[in-house]
Amino acid sequence: MNNNKELNFEDNLKKLEDIVDKLESGDVDLEKSVKLYEEGMKLKKICEEKLKKVEIQIKKIKLENNKIKKENF
């Protein structure tokens, strides 16, 4: 779990989807379910943070004199 911030968005999303699939299957015991849920919540937060950064970056891109200009943030 420690390296999830270093993974790209797609890899973290895939891990989160795998956790959801395991939890929805009902084949994991209670203790493992709690650990998976915890890890899933951490991955959700990481994904949300990455999406927010991209959203901010997109908002910083503007069209000036028919040229795209990206502002630093």
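Helix and strand counts for the protein chain come out as 2 helices and 2 strands. Scanning the protein chain from its N terminus toward the C terminus, one meets helices and strands in the order α-α-β-β. Out of the 73 residues in the protein chain, the part that is buried amounts to 14%. Here the analysis covers contacts within the protein chain between residues at least 6 apart in sequence; of these, 52% occur between residues at least 24 apart. For the protein chain, the exposed surface amounts to about 6,200 Å²; the carbon and sulfur share of it is 53%.

What follows covers the environment of isoleucine 46. With respect to the secondary-structure elements, isoleucine 46 resides in helix α2 (residues 30–60). We classify isoleucine 46 as buried; its relative accessible area is 7%. Between the C-alpha atom of isoleucine 46 and that of asparagine 12, which follows or precedes it by 34 residues, the distance is 7.9 Å.

Another aspect to go through is the side chain of serine 33. By the element assignment, serine 33 lies in helix α2. With relative accessibility at 19%, the residue serine 33 sits in the buried group. If sequence neighbours within four positions are ignored, serine 33 has contacts with Leu23 and Val28.

Right, let's talk about the pattern of salt bridges for a bit. Enumeration over the complete set of coordinates arrives at 3 salt bridges. Of the charged contacts in the structure, one is a salt bridge between aspartate 18 and lysine 14, with a shortest N-O distance of 2.9 Å. On the criterion of helical spacing, the pair formed by aspartate 18 and lysine 14 is a turn pair, its members being 4 residues apart in helix α1 (residues 9–25). Using a relative accessible area of 47% as the deciding quantity, one classes lysine 14 as partly exposed. A salt bridge links lysine 52 to glutamate 55, with the nearest nitrogen and oxygen atoms 3.9 Å apart. Of this pair, lysine 52 and glutamate 55 both sit in helix α2, separated by 3 residues, roughly a single helical turn.

Conventions and cut-offs
- Residues numbered from 1 in each chain as written.
- Predicted model: local features only at pLDDT ≥ 70, side-chain atom pairs only at ≥ 80, totals over all residues.
- Heavy atoms only, no water.
- Helix = DSSP H or I, 4+ residues; strand = E, 2+ residues; numbered from the N terminus.
- Buried < 20%, exposed > 50% of the residue type's maximum accessible area, 1.4 Å probe, protein only.
- Contact = heavy atoms within 4.5 Å.
- Areas by Shrake-Rupley, 256 points an atom, 1.4 Å probe, with all protein chains shown as cover.
- Salt bridge = Lys/Arg side-chain N within 4 Å of Asp/Glu carboxyl O.

Nothing here speaks to function; it is all geometry.
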